[in-house]
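# Residue-level structure breakdown
What follows is each chain in one-letter form.
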Amino acid sequence: MSPEHIRGGRLDARTDLFSLGVVLYQMATGTPPFRGETPALLFEAVLHQTPVAATSLNPNLPAKLERIIDRALEKDRNLRYQSAKELGTDLREVARVVAPAEKATSQSETTDQRTAATRRRTLPWRAGALVALLAVIISGGIYWRWRTHKPVALTDKDTIVLADFDNKTGDPVFDDTLKQGLTIQLEQSPFLALISQGKVNQTLKLMGRSVGDRVTPEVAHEVCQRTGSKAMITGSIANLGSQYVVSLKAVNCNTGDILTEAQEQASDKEAVLKALDKSAISLRSKLGESLTTVQQYATPLDEATTPSLEALQAYSQARKAQFTKGLAAALPFYQRAVHLDPNFAMAYANMATVYKNLNEVGQAAESARKAYALKTKVSEREMLLIEANYFLFVTGELEKAAQTYESWQQSYPRDSLPYANLGFVYETLGNLEKGMEQYLATIRLQPNDMTSYVNLGSAYANLNRLDEAEATFKQAEERGYNSENLLLNRYLIAFLRGDTAQMEQAAQAAMGKPGTEDLLLATQADTEAWYGKLRDARQLTRRAMDSALHNDAKETAATYQAAAALRLVESGYRAQAHADANAALNIAANRDVRSMVTLTLARAGDIARAEKLAAELDKAFPLDTIVQRYWIPTVRAAIALQRKDPNRALEVLAVARPVELGQPAQVEVFLCPAYLRGEAYLMLHNGGAAAAEFQKFIDHYGLVMNFPWGALARLGLARAYALEAQTDPAAHDKARAAYQDFLTLWKYSDPDIPIYRQAKAEYAKLR
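Predicted model only: the values in this text are computed from it and were never measured.

With that settled, the discussion passes to the nonpolar core. In terms of nonpolar packing, the biggest core is built from 205 residues, with Leu182, Ile233, Tyr315, Val597, Leu599 and Trp746 touching the most fellow members. Ignoring any residue separated from it by four or fewer positions in sequence, one finds Tyr315 in contact with Gln180, Ile184, Tyr334, Ala337, Phe344, Met346, Ala347 and Asn350. Ala45, Leu47, Leu87 and Leu291 belong to the second largest nonpolar core, which has 24 residues in total.

As structure tokens, this is what we get:
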């Protein structure tokens, strides 16, 4: 390969002339001009080293032939031969000059001398010159092929499909394992872009196949064409006596031409991953990736993953289960992987993400912490993932997580994951527009990744753009995508539309699905509480908790009960809320549960316990963005309001303003600082300021969704207008209308709810 080919530059006929120079050099000297034990070292030699002078290796070589070879091997293509014709002319001149001299010498030698001379002279250069003339003709053929078939190298716009490995050994330990290893090695490349497993599964559905079907070369070829990919890579492993042979092949999906191949031998089973490493690195370079990135991003698989084939097999099974059966199904395989290899960093990292998505935030933090302790044993890309998870799940430093994702984007500009995760960080911080921008960027990079569509649809909903949200969710659904988040969002959009039939359909679709059933039951509980049906909400919460506990999701169950306690305390059931809050702590005391419980106890009047828990939160999560800027200020404001000190409440809530539109927990809990700020202004008899705070729940209806405090905020708005009416008669009608809105919303509520009785009494006085 010429220097410009290695660097991934534009290719022309001169690159073939460089390759011909390499052939001429070896024909003339018996050795190649460049050497290297690995592809990376070989490329380094081609780019920067000057070959040993050909005449020093073969003193009989004509000086003019040496000059021809040197010119063919010029690293700067502009100094190289510019055409095969020009090189052919010079080679014929060497042949013309040398032939008479050879003839004269042969006439003066005996037969034995001539035989020896032939070995000395004819093989080094005359045969070389003659064969070189044939090589020039071949070079012309190569140039013609290049002009008609284009270079084999991929571009930074192309995508690749991986086929399943053809395991010819009969040993099941290689099933799926080598494909996963190859995926990890190729994903280290900032240049190559693999079609995601989610997209492969979606395409299999469109092909009339089942998710998880084997991706044979024939299937991979069709997936490749359907996804508009440039190439597919097939792999195989076979026995060679007591050894193994690992083979890789890249094929052009459009023409069927073999782009490049790589093959390595392994002396035994333990050496197979090293052989896979070598062949994958060789393939990367041959597909057009630059030497710089091949050298920089090529952590060996036994370091990037695990030296244990059995642990890697469990990891590959986890990944497959995650994409075919859901998050909960993947956990046992991840757990087996870390049991087989306790130092398997990426198994811990992926397990952390699964736990987080299943609302098991304590388990997520523990797994992320273990991965972080092992981060020196992974690739550059995986280190970025592990560091971001650590900031998200362990320390809670959202700004640092955002910086890590930005670095990830710079190092791997074709990787969609950092864009998607940065969108999540922005949304958690309350930067809704910036979150949406990141999700749009994700889809530009992976237009067929349905998870990105769900994220984008949710972002649209948060910004009250319901039509766009619904269209985005529908697009994902029509393409065969289904997940707990899609069902949840379908339900919530239907709630905002008032479409009870669609809500019921989504809820029924979730029944019997681990990790989804409990989520929809808890969401239904919020809806019942939104309308004041707290008894029904309580029953649904219990069902959601039972479903979660059945799947050993204790943290999720505790989160549902803590959220229910928040509903109760604002409705006036202080004693029951207090009991439920303590019960939630006894089930699982993760960050979200402790935060919601502490706020509930403060609102219930248990100031001493709330202060103690707040101090513990502060100590346990000193760097956590949401704890420090959202939960602790909100709790302290609630305590100040219990002490009839609204000015102190407003003072401590000031720090929460920049993040109050964020999502502080894994359940639907929004705008708590704004609610308490409104309460503080009511206590100060500042109706206008209070109304502005409660109005936020109505203005941001797409964000608030069915969070029950959003319904109660309408009563807060009515009370704010009633205060204004004391000095401004024009506000009287606004107050009446606001009370009517709330009472209409709760017209089928439980009749004995304390805050409902208060609202009716206030409205009666206002009339």
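Moving on from the model shown.
Looking now at the packing of helix H33 (residues 646–653) against helix H34 (residues 672–683). For any two helices packed against each other, the geometry comes down to the angle between their axes and how far apart the axes lie. Where H33 meets H34, the axes come as close as 9 Å, and the angle between the chain directions of the two elements is 150 degrees. The angle between H33 and H34 falls in the class roughly antiparallel. Our pair here, H33 against H34, has a crossing hand that is left-handed. Contacts between H33 and H34 pair Pro646, Ala649, Leu650 and Leu653 from the former with Pro673, Leu676, Arg677, Ala680, Tyr681 and Met683 from the latter. Residue composition of the contact of H33 with H34, by class: nine nonpolar, no polar and one charged.

Bringing the state of the cysteines into the picture now. The term disulfide refers to a covalent linkage connecting the sulfur atoms of a pair of cysteines. Tallying each qualifying case throughout the model produces one disulfide. The partner cysteine of Cys224 in its disulfide is Cys253, sulfur to sulfur 1.7 Å. Judged by the sign of its S-S torsion, about 85 degrees, the bond between Cys224 and Cys253 is right-handed. You can see Cys224 sitting in helix H10 (residues 217–226) and its partner Cys253 sitting in the loop between strand E4 (243–252) and strand E5 (258–266), a full 29 residues away along the chain. Taking the relative accessible area as the measure of exposure, Cys224 reaches 0% and is therefore buried. Its relative accessible area of 0% is what places Cys253 among the buried residues.

Locating Lys734 in the fold gives a position in helix H38 (residues 731–745). Each C-alpha atom of the pair Lys734 and Ala718 lies 7.6 Å from the other, and the pair is 16 residues apart in sequence.

Take the packing of aromatic side chains next. If you walk through the whole model with that rule in mind, you get 18 aromatic pairs. Here Tyr675 and Phe694 contribute two aromatic rings whose centre-to-centre distance is 5.6 Å and whose plane-to-plane angle is 85 degrees, an arrangement assigned as edge-to-face. Taken together, the positions of Tyr675 in helix H34 and Phe694 in helix H35 (residues 687–699) put the pair 19 residues apart, joining distant regions of the chain. Among the residues examined, Phe694 registers a relative accessible area of 0% and is labelled buried. The ring of Tyr81 has Arg71 lying over it, and the distance from NZ or CZ to the ring centre is 4.3 Å.

Turning our attention to helix H11 (residues 272–286). The terminal C-alpha atoms of H11 lie 21 Å apart, and with 15 residues this matches the ideal 21 Å at 1.5 Å per residue to within 8%. When you tally the buried positions in H11, you get twelve out of 15 residues, the bulk of the element. A positive backbone phi angle near 110 degrees is found at Gly288, which sits one or two residues after H11.

Right, let's talk about the side chain of Ser571 for a bit. Within the secondary structure layout, Ser571 lies in helix H28 (residues 554–571). By relative accessible area, which is 3% here, Ser571 ends up buried. Ignoring any residue separated from it by four or fewer positions in sequence, one finds Ser571 in contact with Leu534, Leu712, Trp746, Ile753, Pro754 and Ile755.

Glancing now at the pairing of E5. Of the strand pairs in this sheet, E4 and E5 are connected by eight bridges, and their pairing is antiparallel. Within the sheet, the bridge partner assigned to Lys249 lies in E5 and is Glu261. Connecting E4 to the antiparallel partner E5 that follows it, the hairpin turn spans five residues, and Gly256 within it adopts a positive phi of roughly 80 degrees.

Each value, and the rule that gives it
Residues numbered from 1 in each chain as written. Predicted model: local features only at pLDDT ≥ 70, side-chain atom pairs only at ≥ 80, totals over all residues. Heavy atoms only, no water. Core = buried A, V, L, I, M, F, W, Y, C linked by side-chain atoms within 4.5 Å. Buried < 20%, exposed > 50% of the residue type's maximum accessible area, 1.4 Å probe, protein only. Contact = heavy atoms within 4.5 Å. Axes fitted to C-alpha atoms, helices over the stretch in contact; angles between N-to-C directions. Helix = DSSP H or I, 4+ residues; strand = E, 2+ residues; numbered from the N terminus. Parallel < 35°, antiparallel > 145°, perpendicular 65-115°, else oblique. Left-handed = near helix turned anticlockwise from the far one by under 90°. Nonpolar A, V, L, I, M, F, W, Y, C, P; charged D, E, K, R; others polar. Disulfide = S-S within 2.5 Å. Phe/Tyr/Trp six-rings, centres within 6.5 Å; stacked < 30°, edge-to-face > 60°. Lys NZ or Arg CZ within 6 Å of the ring centre and 35° of its normal. Expected span 1.5 Å × (residues − 1). Pairing = 2+ DSSP bridges.

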